[in-house]
Amino acid sequence: MTLIANADQNWGIGYKDKLLVSIPEDMKHFRNETMGHTVVCGRKTLAGFPGGLPLKGRRNIVLSTKEDFTARDAIIAHSTQELFDILKGIDSDDIYIIGGGSIYNMMEPYCDEAIITRLDYSYQADTFFPDLDKKENWKIVDVSEEQTCFSIEYHFVRYKNESKLEMP
């Protein structure tokens, strides 16, 4: 499984249920990585998509503890165990964890890769990604050349988890 996110210098990923910044090239990178694959997100992340609808061209799995929650064209898991049961039936290389903060934190130990757009700036944030630089089992394996969007500088950074856990 792969974590994919856009994070600032402090690993901030969102503020008031919105991304910190929208970079067209990063959105294209996200789309290219996830198209044709399975994406896993929480209910609030889904609500932030255009029209609050699942992403086209991907199998969408949404975790929501709200028993009455439904979303057209998405598979809904109403518990962590139900999510794990669904994911066990899918090739791990086909699964991308796309947010939000609680989903990233819950799934990080079970992922073997992370693709992070690292922003060279600190924004006001209230939602954070796990700090992979402070985790001994996560190692940087690739860093792109510096990218720029107006005044925003960023890199695409790929991490590998050297000791991922098996899903329960």
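Refer to the structure presented above.
Calculation notes
- Residues numbered from 1 in each chain as written.
- Predicted model: local features only at pLDDT ≥ 70, side-chain atom pairs only at ≥ 80, totals over all residues.
- Heavy atoms only, no water.
- Phe/Tyr/Trp six-rings, centres within 6.5 Å; stacked < 30°, edge-to-face > 60°.
- Helix = DSSP H or I, 4+ residues; strand = E, 2+ residues; numbered from the N terminus.
- Lys NZ or Arg CZ within 6 Å of the ring centre and 35° of its normal.
- Buried < 20%, exposed > 50% of the residue type's maximum accessible area, 1.4 Å probe, protein only.
- Core = buried A, V, L, I, M, F, W, Y, C linked by side-chain atoms within 4.5 Å.
- Salt bridge = Lys/Arg side-chain N within 4 Å of Asp/Glu carboxyl O.
- Polar contact = N/O pair within 3.5 Å; in protein donor to acceptor, adjacent residues only side chain to side chain.
- Contact = heavy atoms within 4.5 Å.

Peer 1: Run through the packing of aromatic side chains, naming residues and quoting values.
Peer 2: Applying the stated criterion to the full structure yields six aromatic pairs. Both rings, one in Phe84 and one in Tyr110, keep their centres 5.2 Å apart while their planes meet at 70°; by these two values the pair is edge-to-face. With Phe84 in helix H3 (residues 80-87) and Tyr110 in the loop between helix H4 (101-107) and strand S8 (113-119), this pair connects stretches of sequence that are 26 residues apart. Three or more aromatic residues joined by ring pairs form one cluster here, namely Trp11, Tyr104, Phe129 and Tyr159. Taking NZ or CZ as reference, Arg118 lies 3.9 Å from the ring centre of Trp11, over its face.

Peer 1: Which residues make up unusual backbone geometry, and what values go with them?
Peer 2: Cis geometry marks the peptide bond from Gly99 to Gly100, where omega comes out at 0°. Within the secondary structure, Gly100 is located in the loop between strand S7 (95-99) and H4. A positive phi angle is found at Trp11, which is not glycine, with a value near 65°. Along the chain, the position of Trp11 falls in the loop between strand S1 (2-7) and strand S2 (12-15). The class of Trp11 is buried, set by a relative accessible area of 3%. A positive phi angle, close to 50°, is found at Lys16, a residue other than glycine. Locating Lys16 in the fold gives a position in the loop between S2 and strand S3 (18-19). Classification of Lys16 by relative accessible area gives exposed; the value is 59%.

Peer 1: Lay out the nonpolar core in plain terms, naming residues and giving numbers.
Peer 2: Of all hydrophobic cores here, the largest spans 28 residues; its most connected members are Leu87, Ile97, Met107, Ile116 and Phe129. Counting residues in hydrophobic clusters, the runner-up holds 15 residues, among them Phe30, Cys41, Val62 and Ile98.

Peer 1: Run through the pattern of salt bridges, naming residues and quoting values.
Peer 2: According to the stated counting rule, one finds six salt bridges in the structure shown. Across the pair Asp73 and Arg72 runs a salt bridge, and its minimum N-O distance is 3.7 Å. On the accessibility criterion, Arg72 (58% relative accessible area) is exposed. Across the pair Glu113 and Lys160 runs a salt bridge, and its minimum N-O distance is 3.7 Å. Taken together, the residues span a long stretch of sequence, with Glu113 in strand S8 and Lys160 in strand S12 (residues 152-161) at a distance of 47 residues. What emerges from the salt-bridge pattern is a single network uniting Glu33, Glu113, Arg158 and Lys160.

Peer 1: A description of the side chain of Ser64 should follow, citing residues and the corresponding values.
Peer 2: Within the secondary structure, Ser64 is located in the loop between strand S5 (59-63) and strand S6 (74-77). Side-chain polar atoms of Ser64 contact the backbone nitrogen of Lys66, separated by 3.2 Å. For Ser64, the contacting residues outside a window of four places in its chain are Arg43, Phe69, Ala77 and His78.

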